[in-house]
Each structure stands twice: as C-alpha cells, then as structure tokens.
Amino acid sequence: MFPTGNERGGMTLFALVTLSALFIVAIVLADVVRARMTAMDAEGDARRAGRTLLASFEPSLLKYGLFGASESESRTKSAEAVVAETSREQSKGSAFRFYDASDGFRRNFAIEPLYHLGDHRVFRRQILERMKYIAPIEFGIEVTEKLFKAKPQIAAAKQYAELSQQLQAIVNKREAALDRAWTTAQSLAGAAGGAGGSLQSLMNRLHESLEEAENANRDVSKQLNAPAPRAPNGPETMFPHVTVYPPDFFVTYRVGAGTVASMHEALAAASAEAAAVPKEQAGAAFERVERFREDLRRYVSEWLGARRAFETKRAQEGNEIRRLEANQRQAAETQLNRRRDNWKDLCTVETTADYLTLIGPDGLFEKYRAYNEHSAAGGIEPELDAKDAESFLTSAVRFTNAIGELTGELLDETFANEYAIMHFTYRTDDKPKYPVKIGTNIGDRASHRLRGQEAEFILYGLPSCHMNLTAMHTELFVLRTGLRTMEELLKPETGAKAATPWLALLTALAQGAKAANDDVDVLLSGEAVELPFVPGATMDYRDHLRLFYLLHSRDESTLSRMQALIELNTGIDLMRRYTAVRVRTESAPSLSVIPAARKETEVVVSY
C-alpha cells in the first residue's frame, strides 16, 4: 500500500525539520570548535610571544651560566611581530584548513615580567641547574674526602694538645705550691731556735702549700697514666720526662718540718723551766737548754741543707726548661711574624673605587641584600688570637679541628661554593696549573674588575682588597700551621725529648710554623703541597679555598656578593633581567550562531 499525498507531505516536512535541526547543531558545533581553536591558537601565540621575548637573553651573562631577558617596548613589539609573521606564514599554506585562526579578533599582547635574577631563589636555582652539568658534586667534596682520611690524626692531635695544656697547668700549679712551701720552710728554719713562741702559723702555711702540691702531683700522675689519644704512628705515652714525685716525698717533707717545730717547742719549754729554777740550779738547767738549742741548730742545718740541695736542683731544672721554652717560643714567634707581600701587587688604586661601588652605603651588595631581606653577614675575619705563641697555638689547633670536622654532604651550598670558585677569579687562577682547567668557565678575565680576588671577596666580604687577601692568607697560614704542628706533635720523639708539655707544644709549633710558611709560598705559586697524615694526598690553593667556603659561606650574603660582582663586571642590573613573563592576549572568533565574546588568554613562560 502506497502513502497518500498527505502522508508524503508529512514525511517531507519531518525530513526538513530534522535536517534543519541537524544543520543548526552542525553550525553550533562548528562555532564551538572555532571558539576552542581560537583559544588554543591564542594560547599558542602567547607562548610563542613569551618564548620569543625570553630568547633575547643577555649574552654577557652566559659565561656566568645565567639566563635573563630585559623588558622593553621594542622587544615586546618585536615579539608581537614574530607572532604575526608566523601566523601569516601558516595562513598561506596550501593544505586544507578547517578554520583559519586569522579570522579571530586579536588584541595586542600584554607582557608582564615576573621573576628576575636579583631574587636569591631564582639566582640559586639557575646556579644549581648549571653546576649539576658542569661540576659533578665529586669535585666539591674531593678535598673533604682527603681530609676525612686525616680526621683520626687531627682529632688525636687536638686531644693531645688539650691534654698537654691541662697537664702543663697542673704542673705549674704543683711547682708554684712547692715554691711557696720552700719559702715557708726557710722562714720556719729561721724562726726555729729563736726567742719567739709557737711556729704554728708557719706550720699551717707549710702544710697548706704541701697539700696543694701533693694534690697537683697526684693529678699529674693520673694524667700521665690515663689512656693517651692514639693515632696511627702516634706516641704511646705522654711526656715520659715529666717529673712525678713519690708519695714519701711529701711525707718526708712534713716529718722534717714537724720535727723542727717539735724541737723548737722542746727548746722553748726547756728555756721556760730554766728561767723558773732557783739560782743554784740554773747552771745545769741552762746547759740543758744549750744542748736542746745545739741539737735544734744541727737538725735544722741538716734538714735545710738537704731541702736546699733539692730546691737548687729543681730551680736549675726549671730555669733550663724556661730557657728552652723561651728559645722555642722565640723560634715559633719568628715564624709567626713572617709576613708575605705576595698579594699586594693585586691591590691597585682602582680596586678602592670598585670596593666602594660594591659595599659602600649605597653599594651593589646593599641593594641585593635589602631586596632579599637578609642580615648583612659580611665582614667575616679570621677569629684568631695571635698575641703570643701559646694563644696562636690554641687558635690554630681549634681552627684546624673545625676544618677537619667538615663533611662533603650533597648540599646546595656545595654547588654554590663550587660556582663561586669556577666563575670568579681568585688569587692563583692565573698560575700555570689552573688556566686549562677553569679558563673556559671564568671567561675573559679582563672583564673582571677585581681580578685575582673575587672569590676571596665573596667569601669574606671585607671592604678592601688588602683585607680580603690578608684574611685568606691568614687562614691559609693558620690551617697549614695547625696541620704541620699536629704532624710534629704526633711524632714519638717530640714528647720523648721534652721535659714539659709546653716545651713539646712550643717545639712542635716552631717546626710546624716554619713548614707552614714554606707551604704557603708553594700554594701561592699555584702548586700543591702534601696533606699531613695522608700519604700521596696533596692540596692546592683552590682546595684550601673550598675548605674555607664550607666553613664560612652558608649564608645569604655570599649570594648577594656574587650578584653585586656580576653587576660590577657586566654593568647589568640583575633585578631588570627576568627569567619568566606572563603574557595576556584577547581573542573573539567570527561565529555564525553563538554570540562571540572576547576571551582573555594568560600564560606564563620561563627558562
């Protein structure tokens, strides 16, 4: 059965309605796709504009491993021109394009810089990124690994030196108490047999001095018998020539003094009795008194003579020890007072103005410090007490032990330290050993205003060339003196030949300071010196610089000083060299059905 005319008309109408709906849906879908493609194209253009802008980074910052672009109207227009040209080239293609984005409505780009190299977070991130590729961390910890092998000897030598100082203090206390006891004993002997009364006050003073001396002598014995700090090839015993008095020494001393006092009391009693007897019996009584007096005089003479012989010998030995100590102290201080002028050729008049630019009241360091809101930790000077040989020895041992405690952990600071040493000049970077290794990293040294002292300035932050290089020279000498002194101190013959702990320490210091001066001369020539206690290991100037960086540089000031130096050398303000930009653009596609609205697209592009 065939459809009637009305039915055919209904079906046609239904088909037309259906096709119309499908057509409208297709148009709407096409508009949605067009809107989406316009947004995607706008985002692509924005990213392209951002990349174009960041591609124009500063070439002079490349040798420092830094990427940063400046913000300017001309560069923004250049980025817009590149994007427009790219869009035109794409629209000229012969391939079929469902939708030409050039039909969309475009506004000019709004480009906003976000982060700059003056920010420590950005600066540090770029440093770490560079150093991960050009300086494996093994380079930075190599020197601490060397030092780690010497750590047992350094620790043992430090303990040895500390125990020696403690022992010397106890010996000095004992000898001073014996000096007071001898003085009192002489007063006691002089007063005995006289017309005076009791000798109790003198006996009390003598007993106090002897008790103090005996206690100190007991402490000396304990120190000498205590387990000594052991190190490979170190001494087995501490100071075998240090005197320890036997216990009966003090017993005999007291008994002799007590006998003198008792005989004096007996004489006084006999004299009193003789004065009280009748005259006819006085002769016999006074003869008895004279016998007591003669016995007392003879005993005092023998006792005092024996004591004087001992005290004379003790005084002679003490004088000889003091003479030897004075000689070694003079020898040590002669080496400590040696001064080198090797750095003065770098300290020219021009550097004075550069330092003022760097760390003056309105200097570059202050600018970066204030922006990053950290305290000014600059101006680090070696904390050394060098007014005499003894105090210098204490400081050198403490400083060397602090260096020995350093570890080469995988810390960001290690990368930052290595960055400073590889990208800035230092005292010996132009010596024969270094240019091949690091010349390509430092680049053209002629562009560095503070040649041969930048790494030292970053490390210490002192306000003049002379002060920074002197600080480095001082710590270099102190560390080498500490190492060499410890090396001498742990030799078995050093303690075996010394009568006192101080004599051993001063002898070791005199030899150590002499060797240290020679080491410093070699280091400043660009060569390496041996590391005590580690056969075959050597360290050069740069290795020592690494150690001092690990000791001092874990603060924000070093980053600010690096930034200040980079601006001084390049003339580029790092706060105006950006590493990221935010790009905004608007689009409004030509749509058939859906009302077109302007849409803002925002992207962030960074290195």
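Remember, it's a predicted structure, so these values are computed and weren't measured experimentally.

### Notes on the pattern of salt bridges
- Following the criterion strictly, the structure yields 35 salt bridges and no others.
- For Glu212, the salt bridge identified is with Arg180, shortest N-O distance 2.6 Å. Here Arg180 lies in helix α5 (residues 151-191) and Glu212 lies in helix α6 (residues 200-225), a separation of 32 residues in the sequence.
- A salt bridge links Arg582 to Glu602, with the shortest nitrogen-to-oxygen separation between them at 3.3 Å. Within this pair, whereas Arg582 is found in strand β5 (residues 580-588), its partner Glu602 is found in strand β6 (residues 599-606), the two being separated by 20 residues in sequence.
- Classification of Arg582 as buried rests on a relative accessible area of 19%.
- Shared partners join several salt bridges into a network, and the residues in it are Arg174, Glu175, Asp179, Glu311 and Arg314.

### Some details on the environment of Asp354
- Mapped onto the elements, Asp354 comes out in helix α9 (residues 349-359).
- Residue classification places Asp354 among the buried residues on the basis of a relative accessible area of 5%.
- Within polar-contact distance, the side chain of Asp354 engages the side chain of Arg449 at 2.6 Å.

### Comments concerning unusual backbone geometry
- Phi at Glu373 is positive, roughly 55°, even though this residue is not glycine.
- On the secondary structure map, Glu373 appears in the loop between α10 (364-372) and α11 (389-404).
- Judged by relative accessible area, Glu373 falls into the exposed class, the value being 70%.
- The phi angle at Phe533 is positive, at roughly 80°, despite the residue not being glycine.
- By the secondary structure assignment, Phe533 is in the loop between β3 (529-530) and β4 (538-539).

### A closer look at the packing of α5 against α11
- Relative to each other, α5 and α11 sit at 150°, their axes nearing to 10 Å. Between α5 and α11, the angle falls in the class roughly antiparallel. Handedness of the α5/α11 crossing: left-handed. Mapping the contact onto sequence places Lys151, Ile154, Ala155, Lys158, Ala161 and Gln165 in α5 and Thr394, Val397, Thr400, Asn401 and Gly404 in α11.
- Of the residues belonging to the contact of α5 with α11, the class tally is 4 nonpolar, 5 polar and 2 charged.

The rules behind the values
- Residues numbered from 1 in each chain as written.
- Predicted model: local features only at pLDDT ≥ 70, side-chain atom pairs only at ≥ 80, totals over all residues.
- Heavy atoms only, no water.
- Salt bridge = Lys/Arg side-chain N within 4 Å of Asp/Glu carboxyl O.
- Helix = DSSP H or I, 4+ residues; strand = E, 2+ residues; numbered from the N terminus.
- Buried < 20%, exposed > 50% of the residue type's maximum accessible area, 1.4 Å probe, protein only.
- Polar contact = N/O pair within 3.5 Å; in protein donor to acceptor, adjacent residues only side chain to side chain.
- Axes fitted to C-alpha atoms, helices over the stretch in contact; angles between N-to-C directions.
- Parallel < 35°, antiparallel > 145°, perpendicular 65-115°, else oblique.
- Left-handed = near helix turned anticlockwise from the far one by under 90°.
- Contact = heavy atoms within 4.5 Å.
- Nonpolar A, V, L, I, M, F, W, Y, C, P; charged D, E, K, R; others polar.

Take it as geometry only, folks, not as evidence of what the structure does.
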